[in-house]
Amino acid sequence: MQRDVIIACDFKSAEDTFRFLDLFRNEPRKPFLKIGMELFYAEGPEIVREIKRRGHRIFLDLKLHDIPNTVKKAMAVLSRLDVDMCNVHAAGTVEMMKAALEGLTPAAGTRPLLIAVTQLTSTSDERMQRELLIDAPINDVIVKYAQNAREAGLDGVVCSPLEAGMVHEACGREFLTVTPGVRFADGDVADQVRVTTPARAREIGSDYIVVGRPITAADDPVAAYRRCVAEFCD
Ligand code: C5P
């Protein structure tokens, strides 16, 4: 498996997105992009098609979480967009994740990678206990959710890079860890809690890092992207 950097395109419109992507026009490495709720809800499925036409790989990060039948049908619709990766919340249960996989798998041809969110990287142990009444330590919750995702047949999980090692230990090296919560050593953490640097994410064993603001809000986004690639991939 080839490690890669995924840029989180958390923009409010197609216009902002393409202004950003134009900066990468001469970049030899075409960035793998993540389209999240903000952009997808603003622009609809057409934004996915347009970005695909430009030749980018796409992680469609809509984090589905509903009853199994609804998720299955929604995934069948998303499957037609022919993205490279999409996701659900592991908290939706093994049955929901199995349904998602069924909905995503076309009768013929390949399906996108399907991964599950374990615990959001903005969640802390304390919030989990106080607000969600989950008393188990956060690491145990993450490993259990990852094992559930594996049992359901998914390809991997979204987790903090700090958790990538223990997820691989519990679920195998081939089980993917896609990790947001990445910051440069000299950068701003913002609302993320369980963070680390691209270089450390690589050492711990992340397969993909998802990087938003450290690239999109940088003075020079292309230089910030290159710095991530140099630290994480090369
Ligand atoms: O700007 P920043 O690098 O914090 O962006 C991280 C991206 O990863 C955001 O799009 C966020 O929604 C997403 N994400 C996350 N934590 C998760 C799952 C997704 O930060 N557990």
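Note that the coordinates shown come from a computational prediction; the quantities given were computed from them, not determined experimentally.

S.K.: Sorry if this is basic, but what is going on with the packing of aromatic side chains here?
M.R.: By convention here, two paired aromatic rings are described through the distance between centres and the angle between planes. Evaluation of the coordinates by the stated rule reveals 5 aromatic pairs. With 5.7 Å between their ring centres and 75° between their planes, Phe32 and Tyr208 make a pair best called edge-to-face. Placement of the pair is Phe32 in strand β2 (residues 32–36) and Tyr208 in strand β8 (residues 208–211), with a sequence separation of 176 residues. Here Phe32 matches Tyr208 in class, with each residue buried. On the numbers, 6.5 Å between centres and 65° between planes, the contact of Phe40 with Tyr41 is edge-to-face. Since its relative accessible area comes to 12%, Phe40 is described here as buried. A relative accessible area of 58% means that Tyr41 is categorised as exposed. Three or more aromatic residues joined by ring pairs make a cluster, and in this case those are Phe11, Phe20, Phe24 and Tyr225. Positioned above the aromatic ring of Phe232 is the side chain of Arg3, whose terminal nitrogen or guanidinium carbon lies 6.0 Å from the ring centre.

Criteria and cut-off values
Residues numbered from 1 in each chain as written. Predicted model: local features only at pLDDT ≥ 70, side-chain atom pairs only at ≥ 80, totals over all residues. Heavy atoms only, no water. Phe/Tyr/Trp six-rings, centres within 6.5 Å; stacked < 30°, edge-to-face > 60°. Helix = DSSP H or I, 4+ residues; strand = E, 2+ residues; numbered from the N terminus. Buried < 20%, exposed > 50% of the residue type's maximum accessible area, 1.4 Å probe, protein only. Lys NZ or Arg CZ within 6 Å of the ring centre and 35° of its normal.

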